[in-house]
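Inside the fold
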Amino acid sequence: MNFTNFGRYILLLKSVFRKPEKFKIYFKEIAKQMDYVGVGSLGLIAIISTFIGAVMTLQIAFQLVSDFIPKTIIGSVNRDSSILELSPTISAIVLAGKIGSAISSEIGTMRVTEQIDALEIMGINAPGYLILPKVISGITMVPLLVIISMFLSISGGYIGGALSGAVTPAEYMQGITTDFNPYTITVALVKAFVFGFIITTVPAYEGFYVKGGALEVSQASTRAVVISCISILACDYIVTQLLL
């Protein structure tokens with residue numbers, strides 16, 4: 001059964017990336033989706049990233065009980081943790097809940113109210129028209145949100161350390177600027193690109209093939225979020241294994 005679903009998912013993607021009938025209509029829809037995915041999620045990502053950075057600083061400081069380890073290590077550990085893992089993965093899981101459920105519900109409702117059938121009767125490539133703008137917005141806006149998340153997470157660590165007294169601002173700044181490897185940002189952005197693709201395509205698949213009524217739409221929405229989160233964690237491991 002899972003192989004059947006995966007095959008249908010691949011065939012749906014093939015239809016999604018077919019050449020559009022009119023580029024002008026797609027551009028308007030892409031702009032609308034970018035606004036929803038990017039600007040609409042900015043506040044949520046900002047709050048979560050700042051607090052996670054602050055909490056990470058406190059936890060790292062709590063675990064470094066040895067006098068032989070310099071306090072500057074708190075900044076460098078928080079920096080690398082935020083860039084490589086926390087910002088891409090936590091942001092993606094939060095976005096899977098917010099954006100994924102909305103995409104699945106929207107497309108699922110269109111399916112059960114026969115709006116998708118009407119599009120196909122009019123000769124419009126329904127998967128392309130409904131899903132492609134969402135995919136493009138996902139793979140462009142999620143990496144941008146992750147970049148903002150990295151910055152705010154590291155800034156949150158600075159604020160948390162300064163307020164609690166766990167690490168002085170000077171020590172923290174020295175820690176985040178010492179031995180920085182720019183390649184970690186490349187890895188994080190590759191993850192963000194993959195996660196953006198998953199967050200938009202998996203819920204779209206669940207919504208597109210839903211059958212029944214309102215209850216089935218809600219079940220498909222829940223299933224989309226669960227599968228998206230599991231796929232994000234699996235791909236997180238694969239990308240990390242390949243690139244690091």
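Residues numbered from 1 in each chain as written. Predicted model: local features only at pLDDT ≥ 70, side-chain atom pairs only at ≥ 80, totals over all residues. Heavy atoms only, no water.

You'll find the chain entered in an unreviewed UniProt entry as Phospholipid/cholesterol/gamma-HCH transport system permease protein, with Pedobacter rhizosphaerae given as the organism.

1. Looking at the UniProt feature "transmembrane region" (unreviewed entry) in the chain
The sites that UniProt annotates as "transmembrane region" (unreviewed entry) are residues 36–62, 135–159 and 180–200. Annotated as 100% helix and 0% strand, the span residues 135–159 places its first and last C-alpha atoms 35 Å apart. Between the end C-alpha atoms of residues 180–200 there is a gap of 32 Å, over a span that is 86% helix and 0% strand. (UniProt positions renumbered as here; feature names shortened; annotations may be inferred. Helix = DSSP H or I, 4+ residues; strand = E, 2+ residues; numbered from the N terminus.)

2. Observations regarding empty space enclosed by the protein
If you roll a probe as big as a water molecule over the atoms, it shows you where there is empty space left. Throughout the structure, instances matching the rule amount to 1 cavity of 30 Å³ or more. Computed from the structure, the largest cavity encloses a volume of approximately 40 Å³. Forming the walls of the largest cavity are Ile48, Ser49, Ile52, Leu86, Ser87, Ile90, Ser91, Ser149 and Ser153. Looking at the lining of the largest cavity, the elements with two or more residues in it are α2 (23–63), α3 (72–112) and α5 (126–164). For the lining of the largest cavity, the element with the highest residue contribution is α3, accounting for 4 residues. (1 Å grid on protein atoms, 1.4 Å probe; cavity = no way out; pocket = protein on both sides within 12 Å on 5 of 7 lines; lining within 4 Å. Points joined across faces, edges and corners; volume = space filled by probe spheres on them.)

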